[in-house]
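Chain by chain, the residues run as shown.
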Amino acid sequence: MSTTSDLAVQVVEATPTQPWHKPRSEQRRDALVYLALAVVAYAIVMISGVAGPDGFALVFFVEVLLLTILRSRNIGKAKSTNAIVSTVIGAGAVVAFVPWMSIFVSLVTKGFHGLYVGYLFGDMRVTTPDDELNMGGVGHAIIGSMLMVLIATAITLPLGILSGVYLTEVRGRLTKVVRFVIQSMSGVPSIVAGLFIYTTVVTLTESFSGFAGALALSVLMLPTVARTSEEVLKLVPEDLRAASYALGARQWRSSLMVVLPTVRSGLTTAAILGVARVVGETAPLLLTALSNNAFKFNPFNGPIASMPMYVFGLLQIGTEYSIARAWSGSLVLMLIVLALFVAARRLGGKDKR
Amino acid sequence: MHVVYSTGDRIFRRIVTAGALTSLIVLALIGLFLLARGVEIFRDMGPKFITGTNWTAGSGDGIIPAEFSIGPMLAGTIVTSLIALFFAVPLSIAGALYMEFFAPAKIKSTLVSMLDLAAAIPSLFFGLWGVQVFSSMGERWAALTSHYLGWFPLFNNELEIFGRSPFIAGLVLAAMIVPIITSVSREVYSRTPRELVDSCHALGGTRWGAIRAVVLPFGRSGVVGGAMLGLGRALGETVAVYLLLNLVFKYNFNILESEGGNIASLIATKFGEATPYELKALLAAGFVLFLLTLTVNMAATAVVQRTAKAQS
């Protein structure tokens, strides 16, 4: 019995380790190494002919790559390839993400100083593009865009929902064809949509108008609305349809009164995404709605301004103030797109149980 | 299963079918109208509409005959789009792989939403950004390329003026299509069966080993489809190219020289002051562009839908 003491095991409380995480000290050392590399890269940019942020990025990348190769000398071929390729992929990803991040940043930095309180409510009737930035505004363009987008939504939302219902509920003989056509239609160049409406509506009514612009936007908006509607309707559980049939509902009643109401906010999302897709389209409006300088609330009567055409027109003028105005208009337009996206995301989560 | 539909059902199904067929009808109408309006040009110009080199409205009195050919613009469309694809595809693959397999879980969802937003940036902004922000950098790259690779005809530039070239327009188009290719690729990569990747790791493979052995082959056709969707976009882009390129009617395969254009920007440029006959030529050009993009998009759709089906 006395052997128990001999057998006494020293109980060690295991401290949890995470071997896949780098320890603090190593993280700190890495940060220092990268900082040193950045300084060296900066020095090289200063001394040699390489210039600009792109030159700095290139030198820094080459340094990191060399360091990776150097460090992975003795860890075997597979692991060293892994380390090197990972570095390259990371750099590629950075290069892929930089342009649009740069666009967001430029919009804010270049568009910001043209904004003032009256900017959203003024128009360009008495302001020339070269006037000081505290005059005039983008109000007429916002109204014009809003009118066109509203008409386009009124046209495409029912059609888009019908397409979605066809693809998920009715599932007729043409299901595959319709799905294929909708997907292909989303690739129709925006200028072709503009040309189409020009040869039909504008030629027929003999007038450029907001309505023609709205029709051109509808052509571009329909595929987005239809596809999103289909995606949303697909999420409706089959049980719901079965239950409604079991209660004796016919297909039309179960579709209209059970399936569609459950995805109401999803269908709103479809409309919002469609609007976000077309609100910045310039090319079709160039051929259908043109632009004007004053507030206008009648979309059926002559040219009407819109956000993208406002920016485009100012860019054509190309003076310092007109370009500053173009950036401000773009910033407002981007904020509208962003707001639409956030709204779509908020609503999108609602239907999911 | 045999289903019996009531009268109400039949009416309902008919209405829904009619609604769903509008997209089909609209697509057909676009083609028909452009063709009907442009057919006169196709008849007058013959194959020269595609292969010729001139775009002249003529002098009206018939002394200088009108001559319309989209050859140089068609070439410009293809050249700028190919440049865009050349840069966008590798970057998008790197971006998609990074988001799916390398990015820390914390920032992954942020990146995905930002990518969605990036895909919705109006192309006008890429033009604006290209002209105002990027072009000085692009010119520097062009000058370097010409300096070191100028002996190669593609990069030859005798004039040493590097602004507003197909090269820069192509780079901006690349930036424009990266979001769409990245998001399609990422989605395909995310459908890679987890157990295959895990078994690669279990066998002692590295992360790159697993990607090369499983993820890339699995996602290949999806990436091809995404790239073609991007190509379709680049082929039909109007305002970005319009703002970035001087429209010059010349076959320009020296991509660093400051001349070029594409079909869409031709339409945008000439539309304002076109004579009625020239307008028909523009509609004919629009028809060619429509056919070109539709072909590319249909092929892309077929590829994407087939892979999605095979993988689900």
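This one's a predicted model, so the numbers in the text were calculated from it and none came from an experiment. (Residues numbered from 1 in each chain as written. Chains lettered and ligands numbered in written order. Predicted model: local features only at pLDDT ≥ 70, side-chain atom pairs only at ≥ 80, totals over all residues.)

## Quick look at the overall build of chain B
Across its full length, chain B holds 11 helices and 2 strands. Order of helices (α) and strands (β) in chain B, N terminus to C terminus: α-α-β-β-α-α-α-α-α-α-α-α-α. Principal-axis analysis of the C-alpha atoms gives chain B an extent of 75 × 70 × 30 Å. Taken over 312 residues, chain B has a buried fraction of 49%. Long-range pairs, those at least 24 residues apart, make up 75% of the contacts in chain B with a sequence separation of at least 6. (Helix = DSSP H or I, 4+ residues; strand = E, 2+ residues; numbered from the N terminus. Buried ≥ 20, exposed ≤ 12 C-beta atoms within 10 Å, placed from the backbone. Contact = placed C-beta atoms within 7 Å.)

## Thoughts on the overall build of chain A
A count of helices and strands for chain A gives 14 helices and 0 strands. Secondary structure elements in chain A, listed N-terminal to C-terminal, are α-α-α-α-α-α-α-α-α-α-α-α-α-α. For a compact globule of 353 residues, the expected C-alpha radius of gyration is about 20 Å, and chain A comes in at 29 Å, more than 25% above that figure. If you line up chain A on its principal axes, its C-alpha atoms span 100 × 75 × 40 Å. (Rg over C-alpha atoms; globule rule 2.2 N^0.38 Å.)

## Notes on the domain arrangement of chain A
All names here are of chain A. Domain boundaries assigned for chain A yield domain 1 (24-113) and domain 2 (139-348). The C-alpha-based centres of domain 1 and domain 2 are spaced at 41 Å. If you look at the interface, domain 1 gives 5 residues, while domain 2 gives 5 residues. Grouping the amino acids of the side of domain 1 that touches domain 2 by side-chain chemistry returns 3 nonpolar, 1 polar and 1 charged. (Domains from an automatic or database assignment. Nonpolar A, V, L, I, M, F, W, Y, C, P; charged D, E, K, R; others polar.)

## Comments concerning the interface of chain A and chain B
With 72 residues of chain A at the interface, the matching set in chain B holds 66 residues. Among the elements that take part in the side of chain A that touches chain B, helix α4 (residues 77-111) of chain A stands out by supplying 18 residues, more than any other. Class assignment of the residues belonging to the side of chain A that touches chain B gives a composition of 46 nonpolar, 21 polar and 5 charged.

## Regarding the environment of Ala324 of chain A
All names here are of chain A. Summarising the element assignment, Ala324 is placed in helix α14 (residues 320-348). C-alpha of Ala324 to C-alpha of Leu133: the two residues are 191 residues apart in sequence and 8.0 Å apart in space. Ignoring anything within four residues of it in the chain, the contact list for Ala324 reads Gly114 and Leu133.

## A few points about the confidence of the model for chain B
Averaged over chain B, the pLDDT score is 90; the fraction of residues at 70 or greater is 98%. Two numbers describe this predicted complex: its pTM, 0.92, and its ipTM, 0.92. (pLDDT = per-residue confidence, 0-100.)

## Overview of unusual backbone geometry
Here Glu206 of chain A, not a glycine, exhibits a phi torsion of approximately 55°, which is positive. Relative to the assigned elements, Glu206 of chain A resides in the loop between α7 (190-205) and α8 (210-234). On the basis of neighbour count, Glu206 of chain A is assigned to the exposed category, with 6 C-beta atoms found within 10 Å. One non-glycine residue, Arg164 of chain B, adopts positive backbone phi at about 50°. Tracing the backbone shows Arg164 of chain B in the loop between α5 (123-149) and α6 (166-190). Judged by the 22 C-beta atoms lying within 10 Å of it, Arg164 of chain B is buried.

## Here we look at the environment of Arg306 of chain B
With respect to the helices and strands, the residue Arg306 of chain B is situated in helix α11 (residues 276-311). Expressed as a C-alpha distance, the spacing of Arg306 of chain B and Ile93 of chain B, which sit 213 residues apart in the sequence, is 20 Å.

## A look at helix α10 (residues 251-262) of chain A
In this model α10 of chain A runs 15 Å from its N-terminal to its C-terminal C-alpha over 12 residues, within 8% of the 16 Å that 1.5 Å per residue would give. Looking only at α10 of chain A, the buried set comprises Gln251, Trp252, Ser254 and Ser255 of chain A. All buried residues of α10 of chain A fall inside an arc of 150° around its axis, so they share one side. For α10 of chain A, the exposed residues set more than 90 degrees away from the buried face come down to Met257 and Pro261 of chain A. Contacts from the buried residues of α10 of chain A go to α5 (139-170) and α9 (238-246) of chain A together with α1 (7-45) of chain B. (Expected span 1.5 Å × (residues − 1). Arc of directions from axis to C-beta.)

## A look at the nonpolar core
Within the largest apolar cluster, 180 residues are counted, with the highest numbers of intra-cluster contacts made by Val172 and Ile177 of chain B. Ranked by residue count, the leading element in this core is α6 of chain B, at 16 residues. Counting the residues that make up this core, at least three belong to each of domain 1 (24-113) and domain 2 (139-348) of chain A. Leaving out residues up to four positions away in the same chain, Ile177 of chain B has contacts with Ala84, Ala88, Gly230, Arg233 and Ala234 of chain B. (Core = buried A, V, L, I, M, F, W, Y, C linked by C-beta atoms within 7 Å.)

## Remarks on helix α7 (residues 194-202) of chain B
Counting buried residues in α7 of chain B gives 0 out of 9 residues, a small share hidden from the surface. Gly204 of chain B lies just past α7 of chain B and shows a positive phi near 90°.

## Let's talk about the packing of α4 of chain A against helix α3 (residues 71-102) of chain B
Where α4 of chain A contacts α3 of chain B, the axes come no closer than 7 Å and their chain directions differ by 110°. Judged by the angle between their axes, α4 of chain A and α3 of chain B are roughly perpendicular. Considering the relative orientation of α4 of chain A and α3 of chain B, their crossing is left-handed. In contact with Ser86, Ile89, Gly90, Gly92, Ala93, Val95, Ala96 and Phe97 of chain A of α4 of chain A, α3 of chain B contributes Pro90, Leu91, Ser92, Ala94, Gly95, Leu97, Tyr98 and Phe102 of chain B. Taken together, the residues that form the contact of α4 of chain A with α3 of chain B break down as 11 nonpolar, 5 polar and no charged. (Axes fitted to C-alpha atoms, helices over the stretch in contact; angles between N-to-C directions. Parallel < 35°, antiparallel > 145°, perpendicular 65-115°, else oblique. Left-handed = near helix turned anticlockwise from the far one by under 90°.)

## Notes on the environment of Asp54 of chain A
All names here are of chain A. By secondary structure assignment, the location of Asp54 is in helix α3 (residues 52-71). Judged by the 15 C-beta atoms lying within 10 Å of it, Asp54 falls in the partly exposed class. A C-alpha to C-alpha distance of 49 Å links Asp54 and Val236, two positions 182 residues apart in sequence.

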